[in-house]
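Descriptive analysis of the structure
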Amino acid sequence: MTQIKDLSTASSEQMRALQMKELEILKYFKNICDENQLTFFLGGGSCIGALRHKGFIPWDDDVDVFMLRKDYERLYNNWSTYSTDPQYSLCRSTIDQNYRHAAMTLNDNQTTFINFRTSNEDVNQGIGIDILPIDYLADNYFSRIWQRLNAVIFSIFINQRLPDNQGALLHWLTKIPLILIKNPKRRVHIWKFSERQMTKYSKKKTEHLVELVSGLRSILRPLDPSWFDQAIDQSFEDTTMPIAVGADKYLKFIFGDYMQLPSPEDRKAKHHTAFIDTENPYQNYRGKYYLK
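Described below are features of the structure shown in this document. Quick caveat, the model's predicted, so the values are computed rather than measured.

Thresholds, definitions, all that
Residues numbered from 1 in each chain as written. Predicted model: local features only at pLDDT ≥ 70, side-chain atom pairs only at ≥ 80, totals over all residues. Heavy atoms only, no water. Phe/Tyr/Trp six-rings, centres within 6.5 Å; stacked < 30°, edge-to-face > 60°. Lys NZ or Arg CZ within 6 Å of the ring centre and 35° of its normal. Helix = DSSP H or I, 4+ residues; strand = E, 2+ residues; numbered from the N terminus. Buried < 20%, exposed > 50% of the residue type's maximum accessible area, 1.4 Å probe, protein only. Polar contact = N/O pair within 3.5 Å; in protein donor to acceptor, adjacent residues only side chain to side chain. Contact = heavy atoms within 4.5 Å. Core = buried A, V, L, I, M, F, W, Y, C linked by side-chain atoms within 4.5 Å.

All right, on to the packing of aromatic side chains then. We describe a pair of aromatic rings using the distance from one ring centre to the other and the angle between the two ring planes. Summed over the entire model, instances satisfying the criterion amount to 15 aromatic pairs. Among the aromatic residues, ring-to-ring pairing joins Phe41, Phe66, Trp227, Phe228, Tyr250 and Phe253 into one connected group. Across from the ring centre of tyrosine 76, 4.6 Å away, lies the NZ or CZ of arginine 92, which sits over that ring.

In structure tokens:
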């Protein structure tokens, strides 16, 4: 059993134990997608890890996968049919539960991963992988403005928290609407409306794709659809995982020379955690590390 209170001080052995649990979840997710003709790609640091390390980046504490919006919504709408294993839950914010997260996660119910951002929420606190949608970008200037505006509003009201390390301007641009609108149901109504507005352009293919839930910079970056035309197998730990056929071009566009290691001071986990347990369910820690 591995228990971690602060990822910033986790040993390499503790980090590895967390990664191996995340790998189990990823393998289960891949089986679900393969069985139901759903396409996904390793994204972000997980894709860099696959190409640079043939697995996890040693200090990476999570797994990111991308899905085009059509498959993303199909996965969510049919989850109860696709998955019959009670160990795993597909988690997404609803009117009743807010994960302070703009996308979905697939969580292992028999584990614990308590973020400080959700430590006061009665939600699934298991170790999970992040599932992020990619949408089509609106095909004219004014529609793009509307789409991006709604993506910002969606992010503010679904996350219901101030962004980390994004600068003072974005901090205040986020804080003001949250001060003005405090009613939880009203906030849900706003983010649901904005979600419908920003995703409606994915009903037809356009000339560009866009990440609408990954941060302000991503909202402003058009992506080449040919990069995501198909998935190809790439070595990842003791198995293979799909990456986008244009993964190299995508990563260079976002990160530059991603094959170069970052400086030693930047080699650190990114989540701010209250407690992690790779072998015991989060309900064991209710009242101690969350919902105190």
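Having seen it, we continue.
It is worth spelling out the side chain of asparagine 107 at this point. Residue placement: asparagine 107 occurs in strand 5 (residues 104-108). What makes asparagine 107 buried here is its relative accessible area of 5%. A polar side-chain atom of asparagine 107 sits 3.1 Å from a polar atom in the side chain of asparagine 124. A polar contact of 3.4 Å, which involves the side chain of asparagine 107, links it to the backbone oxygen of glycine 126. In contact with asparagine 107, other than residues within four places in its own chain, are Gln87, Tyr88, Ser89, Cys91, Asn124, Gly126, Ile127 and Gly128.

Turning next to unusual backbone geometry. Leaving glycine aside, a negative phi is the common case for residues, and trans is the common case for peptide bonds. Phi is positive for glutamate 237, close to 55°, though the residue is something other than glycine. Assignment of secondary structure puts glutamate 237 in the loop between strand 9 (231-236) and strand 10 (239-244). You can call glutamate 237 partly exposed: its relative accessible area is 25%. The phi torsion at leucine 291 lies on the positive side, around 50°, for a residue other than glycine. On the accessibility criterion, leucine 291 (25% relative accessible area) is partly exposed.

In this section: the nonpolar core. One finds Leu26, Phe29, Leu75, Leu106, Ile131 and Phe228 to be the most contacted residues of the largest nonpolar core, which totals 74 residues. Take this core: its biggest share by element is nine residues, from helix 1 (residues 12-35). Core analysis: the second largest hydrophobic core is formed by seven residues, Ala274, Phe275, Tyr289 and Tyr290 among them.

Shape descriptors only; they carry no functional weight alone.
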